[in-house]
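Single-letter residue listing:
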Amino acid sequence: MNTESMKASAIGVFDSGYGGLTILNSIRKVMPQYDYVYFGDNARAPYGTRSFDVVYEYTLEAVKKLFSLGCPLIILGCNTASAKALRTIQQTYIASECPDNRVLGVIRPTAEIVGSVTKNGHIGILATEGTIKSESYDIEIHKLMPESVVTGLACPMWVPLVENGEYDKPSADWFVEERINTLLHTDPLIDTIILGCTHYPLLLEKIRKYCPEGIEILTQGQFVADRLADYLLRHPEMESRLTKGGTCSYFTSESPDRFRENASTFLSEEIGEVVRL
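Residues numbered from 1 in each chain as written. Predicted model: local features only at pLDDT ≥ 70, side-chain atom pairs only at ≥ 80, totals over all residues. Heavy atoms only, no water.

Visitor: So what exactly am I meant to see when it comes to the overall build of the chain here?
Guide: Helix and strand counts for the chain stand at 13 helices and ten strands. For a compact globule of 277 residues, the expected C-alpha radius of gyration is about 19 Å, and the chain comes in at 18 Å, within 12% of that figure. Once the C-alpha set of the chain is aligned to its principal axes, its extents read approximately 55 × 40 × 35 Å. Relative to its full complement of 277 residues, the chain shows a buried share of 56%. In the chain, the share of contacts with a sequence separation of at least 24, taken over all contacts with a separation of at least 6, comes to 79%. Of the roughly 12,100 Å² of accessible surface on the chain, 50% is carried by carbon and sulfur atoms. (Helix = DSSP H or I, 4+ residues; strand = E, 2+ residues; numbered from the N terminus. Rg over C-alpha atoms; globule rule 2.2 N^0.38 Å. Buried < 20%, exposed > 50% of the residue type's maximum accessible area, 1.4 Å probe, protein only. Contact = heavy atoms within 4.5 Å. Areas by Shrake-Rupley, 256 points an atom, 1.4 Å probe, with all protein chains shown as cover.)

Shown next as structure tokens:
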């Protein structure tokens, strides 16, 4: 693929690995008419245990790459990058270097919807260590629901379970049940759980199995897609810049063959050519 000949003005979606493909999949279902570019920094994944400085550095590099590929609008389909890097990138790099471009995250759209779901304001967050330590969900939810009780818990084994194809195997059950039991022991009043990692929807069947009846479980893809559609309605100056050919191009920092093989786990279709950046 000649990247120089690619259509300009696609919507970019970035993730440290494969999880952001679940976000891309949801966005394309809602808005199939646009062109998309996905970049996974698979060679340096996972980001979840890395420091704020390292996540910022890696995420900024990815943003610059997607801008160079003609994406004026980028979705960080990665909770860790959204938690540790988004605000700084928006306030420094975007503001000074490319003020007409935009980078959006996945945490705010999810925080905005939770108030219409929870009945008692007790909310659980299951995510990577980096996202939990950042307290980004706590901050965003408390902006909208100051009286809410937010309890976060890191699930360090869940991403490896997904990426090693164990998410639907019996070997995953103990790890899922243990984390849910720990979360609900910390706050037995939780009535809504946010899956704050884009890998976790693949574990949804097991998560539902071990959650008591009546607890709402929120995955992010649909909320992010709906909020993006709303954003483009409210920002016609950006929407008019986006090309509408219904295409999707894939890039990775690791092996294209490995990316192509694993991507089908996260998407509803097989993908074609993948380019290494």
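Visitor: Can you help me understand the nonpolar core in this one?
Guide: For soluble globular proteins, nonpolar side chains are generally found buried alongside one another. Among the nonpolar cores identified, the biggest contains 55 residues, and Leu21, Leu126, Leu232 and Tyr250 are the most heavily contacted of them. Element by element, the count of residues in this core is highest for helix α11 (residues 221-234), at five residues. When residues no more than four places from it in sequence are discounted, the contact partners of Leu126 are Leu153, Cys155, Trp158, Ile180, Leu183, Ile193, Ile194, Leu195, Gly196, Cys197 and Tyr200. Core analysis: the second largest hydrophobic core is formed by 27 residues, Ala62, Leu69, Ile89 and Phe251 among them. (Core = buried A, V, L, I, M, F, W, Y, C linked by side-chain atoms within 4.5 Å.)

Visitor: I tried to follow the packing of helix α2 (residues 52-68) against helix α4 (residues 86-97) on my own but got confused; where do I start?
Guide: Packed helix pairs are characterised by how far apart their axes lie and by the angle those axes make with each other. Closest axis-to-axis distance for the α2/α4 pair is 11 Å, and the angle between their directions is 50°. Classified by the interaxial angle, the pair formed by α2 and α4 is oblique. By crossing handedness, the relation of α2 to α4 is classed as right-handed. From α2, Tyr56, Thr59, Leu60, Val63, Lys64 and Phe67 reach across to α4, where they touch Thr88, Ile89, Thr92, Tyr93 and Ile94. Among the residues forming the contact of α2 with α4, the class breakdown is seven nonpolar, three polar and one charged. (Axes fitted to C-alpha atoms, helices over the stretch in contact; angles between N-to-C directions. Parallel < 35°, antiparallel > 145°, perpendicular 65-115°, else oblique. Left-handed = near helix turned anticlockwise from the far one by under 90°. Nonpolar A, V, L, I, M, F, W, Y, C, P; charged D, E, K, R; others polar.)

Visitor: Mind showing me how you'd approach helix α1 (residues 20-30) here?
Guide: For α1, the buried fraction is high: eight of the eleven residues fall into the buried class. Buried within α1 we find Gly20, Leu21, Thr22, Ile23, Leu24, Asn25, Ser26 and Ile27. Tucked inside the fold, the buried residues of α1 contact β1 (11-15), β2 (36-40), β3 (73-76), α11, β9 (248-252) and α13 (256-263).

Visitor: Please explain the packing of aromatic side chains as it appears in this structure.
Guide: Think of a pair of aromatic rings as described by two things: how far the centres are apart, and how the planes are tilted against each other in angle. Applying the stated criterion across every chain yields a total of eleven aromatic pairs. Taking the centre distance of 5.7 Å and the plane angle of 50° together, the rings of Tyr47 and Tyr58 count as tilted. Remark: Tyr58 occurs in helix α2 and Tyr47 occurs in the loop between β2 and α2; sequence separation between them is eleven residues. Relative accessible area serves as the criterion here: at 14%, Tyr58 is assigned to the buried category. (Phe/Tyr/Trp six-rings, centres within 6.5 Å; stacked < 30°, edge-to-face > 60°.)

Visitor: What am I meant to see in helix α5 (residues 107-114) here?
Guide: Buried within α5 we find Ile107, Pro109, Thr110, Ala111 and Val114. On its buried face, α5 is in contact with α3 (79-84), β5 (122-127), α7 (136-144), β7 (192-195), β8 (216-218) and α11.

Visitor: Is there a simple way to think about the pattern of salt bridges in this case?
Guide: Pairing between side chains becomes possible if they bear opposite charge and their charged atoms approach one another. In total, this model carries 18 salt bridges according to the counting rule given. Ionic pairing is found between Lys169 and Asp168, a salt bridge with its closest N-O pair at 3.3 Å. Here Arg258 and Glu254 are joined by a salt bridge, their closest N and O atoms 3.8 Å apart. Residue class for Arg258 comes out partly exposed when judged on its relative accessible area of 40%. The structure contains a network of salt bridges with shared partners spanning Arg87, Arg108, Glu112, Glu140, Lys143, Arg227, Asp230 and Arg234. (Salt bridge = Lys/Arg side-chain N within 4 Å of Asp/Glu carboxyl O.)

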